[in-house]
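Listed below, chain by chain, are the residues.
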Amino acid sequence: MPAQLTTIYIDMNSYFASVEQQFRPELRGKPVAVVPLDSDSTCCIAASYEAKKFGVRTGTNVGQAKRMCPGLICVQGNFERYIKTHHNLIAAIDTQIPVQGVHSIDEMSARLLGDEREPARAMQIARGIKAAIRERIGDYTTCSIGIAPNRFLAKIAADMHKPDGLTMIEPHELPHKLFSLELTDLPGIGKKMKIRLERAGLTTVEQLCTLDEDSLARAWGSVIGREWYLRLRGHDVNEGKVPQRTIGHSHVLGPEKRNPDGARAVGMRLANKVAARARHLGYVAEHLWLSVRYRPAATDRDPGSDKKWEGRVSLGSVNDTPTIVGAFTDLWSQCSAMSALRNGKPAFTPVKLAVTLTELTTQSAAAQPLFGGHDKLADLSKAMDAISRKFGADAVYQAAMQPAKRSAPRRIAFGNIPDLDLPDIQA
Ligand SMILES: [Mg+2]
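A brief report on the enclosed structure follows. Just so it is clear, the structure is predicted and the values come from calculations on it, not from any experiment. (Residues numbered from 1 in each chain as written. Predicted model: local features only at pLDDT ≥ 70, side-chain atom pairs only at ≥ 80, totals over all residues. Heavy atoms only, no water.)

With respect to the nonpolar core
Grouped together as the largest cluster of nonpolar side chains are 36 residues, with contacts concentrated most on Ile8, Tyr15, Ile93, Ile129, Ile133, Ile145 and Ile147. Here this core takes 7 residues from helix 5 (residues 119–136), the largest share from any one element. Sequence-distant contacts of Ile129, that is, excluding residues within four places in its chain, are made with Ile8, Ile10, Ile93, Gln96, Ile97 and Ile145. Listed in part, the 32 residues of the second largest apolar core include Ile247, Tyr283, Val313 and Leu315. (Core = buried A, V, L, I, M, F, W, Y, C linked by side-chain atoms within 4.5 Å. Buried < 20%, exposed > 50% of the residue type's maximum accessible area, 1.4 Å probe, protein only. Helix = DSSP H or I, 4+ residues; strand = E, 2+ residues; numbered from the N terminus. Contact = heavy atoms within 4.5 Å.)

In structure tokens, the structure reads:
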């Protein structure tokens, strides 16, 4: 199959600094450095574009940064604000295309399917994402977007134009579109790797692109080199993808469960089961799907009138029970919006539920949680698995459902970034 566009990659520009400028208008247009604490001996963790013009970068010593950039405003990092904005960003992108991968607090990717792979349509989605972020968060939180035949190249494309870039690498532009880049512009080639490649006589991306698979494997000293051969040519290599792409459980409701409360309880149990199964297999999932077969109230007894409701929600590489059950209750509340009472009776009768985790990756291949908050949920889930093994699944079933009940109305978009119970911040 010829290579085609598959991935859209979104990288926020100077994320922490631009969030500060978004929330604090007095910082706009000014050189800003975000710092971990108020001390000249610490390092900048982000710099606004105005500060970058003076050479201030992530990692620049604060005292030195102040000398390089007179008038530099140092702002202490407000991580809760960045995490909250991260969730709002995912929600904004989700209005255009479901977020598939959360790679860091300010980088996400989405998978193009069907006619979304047409260049014009892909560009339209990218512009839609930019507009949605502007509308929901503001003008100061811009992003650079890359579109390409695989995620590796899409990230490179996003890096090509900053700030506020939109770059597409089409299959027919490979590999020559990469020739102007430095080796270290390629994700995965750091300083050490660069030295190793130079020792093998490789100093340019063009040279890298002329090598065959065996030579690349030799240069890398491992089979990873072969993967690079495919990546650079636009093959859709997705590291960490597993052969079993979904984990699902379904249940035909008994007569006593064919009502909104009964169906919800069954769905929670199914969500609990898929989460435990994912952990058992060592997988994390990007999406949760809910499929509900139901009968409209007027045709209660006629199986021929069955209809299907389907919805999905982004999870972002997780397998913990509270997040997955929370995502189920979110989907269930969307579905059961149909059950508004008509003549004192629910407007539909649920018949069958299916809960499915999709886009699985092996746990080790997924990005590690930032800021540690997510570990608590993972630890809680592991503890629940242990209790279930010892005392049976029902022992923790009720307790596990408690967080889900509380979180029912909220949109779950929980990635590697801790979810905070904060009031919505107005941009
Ligand atoms: Mg960024």
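Quick look at the pairing of strand 1 (residues 7–12)
Counting buried positions along strand 1 yields 6 of 6 residues, so the element is predominantly enclosed. A two-sided burial pattern is seen for strand 1, the buried positions comprising Thr7, Tyr9 and Asp11 on one face and Ile8, Ile10 and Met12 on the other. Of the pairings in the sheet, the one linking strand 1 to strand 6 (residues 107–111) comprises 5 bridges and is antiparallel in character. Counted as the bridge partner of Ile8 is Ala110 from strand 6. Both strand 1 and strand 7 (residues 143–148) contribute to a ladder of 6 bridges, which runs antiparallel. By the bridge assignment, Thr7 is partnered in strand 7 with Ala148. (Pairing = 2+ DSSP bridges.)

Here's the deal with the coordination of the magnesium ion
The protein atoms that coordinate the magnesium ion are Asp11 (OD), Met12 (O) and Asp106 (OD), at distances spanning 2.1 to 2.3 Å. Residue class for Asp11 comes out buried when judged on its relative accessible area of 5%. (Donors = N, O, S within 2.8 Å, 3.2 Å for Na, K, Ca; no water.)

Some remarks on the sheet that holds strand 5 (residues 101–104)
In spatial order, the strands read 5-6-1-7-8; together these 5 strands make up an open sheet with mixed pairing. Edge positions in the sheet fall to strand 5 and strand 8 (166–168), since each of these pairs with one other strand and no more. Neighbour-to-neighbour, the strand axes of the sheet open up by a mean angle of 15°, direction not taken into account. Sheet analysis places strand 7 next to strand 8, joined by 3 bridges and oriented parallel. In the strand pairing of strand 8, Ile145 is matched with Leu166. With respect to the sheet, helix 4 (residues 79–94) is in contact with strand 1, strand 5 and strand 6, its orientation differing from that of strand 6 by roughly 20°. Sheet strands in contact with helix 5 are strand 1, strand 7 and strand 8, and its direction is about 160° off that of strand 7. (Axes fitted to C-alpha atoms, helices over the stretch in contact; angles between N-to-C directions.)

Focus: unusual backbone geometry
Following Lys162, the chain continues to Pro163 via a peptide bond in cis, the omega torsion being -10°. Along the polypeptide, Pro163 turns up in the loop between helix 6 (151–160) and strand 8. Of the consecutive residues Leu174 and Pro175, the connecting peptide bond is found in the cis state with omega at -5°. Relative to the assigned elements, Pro175 resides in the loop between strand 8 and helix 7 (191–199). We note that Asp164 has phi near 60°; this positive angle belongs to a residue other than glycine. On the basis of relative accessibility, which here comes to 42%, the residue Asp164 falls in the partly exposed class. Phi angles above zero are rare outside glycine, and Ser317 is one such case at about 55°. By the secondary structure assignment, Ser317 is in strand 11 (residues 307–318).

Re helix 10 (residues 224–232)
All of the buried residues in helix 10 are Gly225, Trp228, Arg231 and Leu232. Axial view of helix 10: buried residues confined to an arc of 110°, hence all on one face. Tucked into the core, helix 10 has its buried residues touching helix 6, helix 8 (205–210) and helix 9 (213–220). Downstream of helix 10 by a residue or two, Gly234 has a phi angle that is positive, lying close to 85°. (Arc of directions from axis to C-beta.)

Overview of the packing of aromatic side chains
Summed over all chains, the structure comprises 8 aromatic pairs. With a centroid separation of 4.4 Å and 10° between ring planes, the pair formed by Phe16 and Tyr82 is classed as stacked. Placement of Phe16 in helix 1 (residues 15–23) and of Tyr82 in helix 4 is noted, with a sequence separation of 66 residues between them. Its relative accessible area of 15% is what places Phe16 among the buried residues. Relative to Trp332, the ring of Phe328 has its centre 6.4 Å away and its plane inclined at 15°; by these criteria the two rings are stacked. Linking Phe328 with Trp332, this pair stays in helix 12 (residues 321–336), spanning 4 residues, or about one helical turn. In terms of burial, Phe328 and Trp332 fall into one category: buried. An aromatic cluster is defined as three or more aromatic residues linked by ring pairs; in this entry it consists of Tyr15, Phe16, Phe79 and Tyr82. Its guanidinium or amino end placed over the ring of Tyr49, Lys52 lies 4.6 Å from that ring's centre, counting from NZ or CZ. Directly above the aromatic system of Trp228 lies the positively charged group of Arg231, at a separation of 4.9 Å from the ring centroid. (Phe/Tyr/Trp six-rings, centres within 6.5 Å; stacked < 30°, edge-to-face > 60°. Lys NZ or Arg CZ within 6 Å of the ring centre and 35° of its normal.)

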